[in-house]
Amino acid sequence: MLGDAVTPEVAAAWDEVYWLLACELIAREARLYAGAGVPEGGPVWRDWRVTGRARESADVVSLTLAPADGGAAPGFTPGRYVSVAVDLDGGRGQQIRQYSLSGRPGAGQWRITVKRVRGERGAPDGMVSGHLHDRVTVGDTLRLSPAFGEVDATAGDGPLLLVSAGIGLTPAMAALAHLADRDPGRRVTLAHADRDAEAHALRAELPALQQQLPNLAVHLWYLDAAGADLPGLKAEVSPGLIDPDRIPLPAGVAAHLCGPVAFMNLVRAGLLRRGVPAERIAYEVFGPGMLPG
Ligand SMILES: Cc1cc2nc3c(=O)[nH]c(=O)nc-3n(C[C@H](O)[C@H](O)[C@H](O)COP(=O)(O)OP(=O)(O)OC[C@H]3O[C@@H](n4cnc5c(N)ncnc54)[C@H](O)[C@@H]3O)c2cc1C
């Protein structure tokens, strides 16, 4: 396409750049595998048995998973996610998607919590989330990668702010369970936005977590706040969209955000405006198409 512009020197330079980049990416991949505990040259994918399945809301299920070979489920840093490979029927082949670990690190099993993605305006329903909802039951086997990710949802040792919307709560739930085990005195604020109390998956776990974490403050925003009371949960519940100006911000707070991109942009801008330094705001993006709700 470039024709005569590609002199032998230009071609040689491109060749060198290509291989430098390739070597860097290969080395980076190797470091990621090593960091995830994969032995050099060892298999990345592992079979996991579905040991439990729980319906968390109309559109959300949790799957509990244990290594099929009877080995122990590795611990993980809250905020990490796994890749799940499924073979779809109808000639759709293998598909791989990422799911944040939503259970307690060190529990001996892993848990993922999956929202069914419904196609909108004529688009097809989500392939893998639909498969996990409709086809996968207790006793089935799933292929999982090790836990990866660079975001620690419990980073630092000062006040922690976990902000989530919809299914973006999964890393926050792992973070709360981890802190309940390891640092129960930590000052934590959970600010979560959802359609309503019924759509708020894993909400039923909050009262027990609040018992274990006496300094956990819960702030909820529901578009429809009717019927939001939950016995045993002390929470400030507000109707409507999240208001970043009303999120409590103790000095030195570190924040972790997870939700639709527009939601995170709004919250991040609010935190920056109120003086939280950018380097103290971590966030996880569930993919460009992450849907609200
Ligand atoms: C790091 C990370 C962590 C994540 N953690 C979680 C988690 O904890 N829980 C969770 O539920 N999800 C999580 N996700 C999202 C998850 O990985 C999937 O993206 C999600 O389940 C949707 O996958 P799917 O196969 O069901 O949808 P897909 O089949 O990939 O479809 C995605 C979207 O594309 C649309 N679409 C597909 N085909 C077409 C077409 N031809 N024309 C127009 N539109 C189309 C669909 O309607 C849908 O809206 C995470 C993602 C990442 C990256």
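Definitions and cut-offs
Residues numbered from 1 in each chain as written. Predicted model: local features only at pLDDT ≥ 70, side-chain atom pairs only at ≥ 80, totals over all residues. Heavy atoms only, no water. Near = heavy atom within 4 Å. Polar contact = N/O pair within 3.5 Å; in protein donor to acceptor, adjacent residues only side chain to side chain. Areas by Shrake-Rupley, 256 points an atom, 1.4 Å probe, with all protein chains shown as cover. Helix = DSSP H or I, 4+ residues; strand = E, 2+ residues; numbered from the N terminus. Nonpolar A, V, L, I, M, F, W, Y, C, P; charged D, E, K, R; others polar. Pairing = 2+ DSSP bridges. Axes fitted to C-alpha atoms, helices over the stretch in contact; angles between N-to-C directions. Contact = heavy atoms within 4.5 Å. Buried < 20%, exposed > 50% of the residue type's maximum accessible area, 1.4 Å probe, protein only. Core = buried A, V, L, I, M, F, W, Y, C linked by side-chain atoms within 4.5 Å. Domains from an automatic or database assignment.

(A) Summary view of the site of the ligand. Of all residues adjacent to the ligand, which total 21 residues, the nearest are Arg97, Gln98, Tyr99, Pro124 and Ser129. Contact distances for the ligand include 2.8 Å between an oxygen atom and a backbone N or O atom of lysine 115. A distance of 2.9 Å is found between an oxygen atom of the ligand and a side-chain nitrogen or oxygen belonging to threonine 170. For the ligand, the accessible surface in isolation is 980 Å², of which the surrounding protein chains cover 70%. Within the residue set of the shell around the ligand, elements represented by two or more residues are β4 (93-100), β5 (110-115) and α2 (127-134). When residues of the shell around the ligand are assigned to their parent elements, the largest contribution, 4 residues, is made by β4. Residues that form the shell around the ligand fall into these classes: 11 nonpolar, 7 polar and 3 charged.

(B) Representation of the sheet that holds strand β6 (residues 141-144). Strand order in the open sheet formed by 6 strands is β4-β3-β6-β1-β2-β5, with antiparallel pairing between adjacent strands. A single partner strand is all that each edge strand has here, and the edge strands are β4 and β5. Shown here is a sheet whose adjacent strand axes are inclined to one another by a mean of 40°, direction ignored. Where strand β3 (residues 81-88) and β4 come together, 8 bridges link them in antiparallel fashion. Its bridge partner being in β4, tyrosine 81 is matched across the sheet by serine 100. Where α2 meets the sheet, its contacts fall on β1 (46-57), β2 (60-67), β3, β4, β5 and β6, and the angle it forms with β4 comes to roughly 85°.

(C) Expanded view of unusual backbone geometry. In this model, arginine 121 sits at a positive phi of 50°, which is unusual for a non-glycine residue. Structurally, arginine 121 is set in the loop between β5 and α2. The phi dihedral of leucine 202 is positive, around 65°, even though this residue is not glycine. Here leucine 202 is to be found in the loop between β8 (188-196) and α4 (206-212). Note on leucine 202: relative accessible area 3%, which makes it buried.

(D) A look at the sheet that holds strand β11 (residues 254-258). Spatial strand order, β10-β9-β8-β7-β11-β12: 6 strands in an open sheet with parallel pairing. Sheet topology places β10 (235-239) and β12 (281-284) at the edges, where each strand pairs with a single neighbour. Going across the sheet, the axis of each strand differs from the next one's by a mean of 15°, ignoring polarity. Bridging between strand β7 (residues 160-165) and β11 involves 5 bridges; their strand directions are parallel. Paired with leucine 160 across the two strands is alanine 254, which belongs to β11. Across the sheet, helix α5 (residues 261-273) lies against β7, β8, β11 and β12, angled at about 165° from β11, the strand it touches most.

(E) How the structure looks around the nonpolar core. The biggest cluster of nonpolar side chains holds 26 residues, and the ones touching the most others in it are Leu162, Leu176, Leu190 and Leu206. Put simply, the parts of the chain that give this core at least two residues each are β7, α3 (170-182), β8, α4 and β9 (216-224). Considering each element in turn, this core owes the most residues, 6 residues, to α3. Excluding its chain neighbours within four sequence positions, the residues that come into contact with leucine 206 are Met173, Leu176, Leu190, His200, Val218 and Leu233.

(F) Structural context of the pairing of β1. Of the pairings in the sheet, the one linking β1 to β6 comprises 4 bridges and is antiparallel in character. What sits directly across from tryptophan 48, in β6, is leucine 142. Taken together, the 8 bridges between β1 and β2 define a ladder with antiparallel strand orientation. Opposite valine 50, over in β2, you have leucine 65 as the bridge partner. In textbook terms, the turn of a hairpin is the stretch between consecutive antiparallel strands, and for β1 and β2 this stretch comprises 2 residues.

(G) The arrangement of the domain arrangement of the chain in detail. Parsing the chain into structural domains produces domain 1 (3-35), domain 2 (46-144) and domain 3 (160-284). On a C-alpha basis, the centres of domain 1 and domain 3 stand 43 Å from each other.

(H) Up close: the side chain of histidine 192. In this structure, histidine 192 sits in strand β8. A distance of 2.7 Å separates the side chain of histidine 192 from the side chain of serine 164, its partner in a polar contact. Sequence-distant contacts of histidine 192, that is, excluding residues within four places in its chain, are made with Ser164, Ala165, Gly166, Leu169, His200, His219, Leu220 and Trp221.

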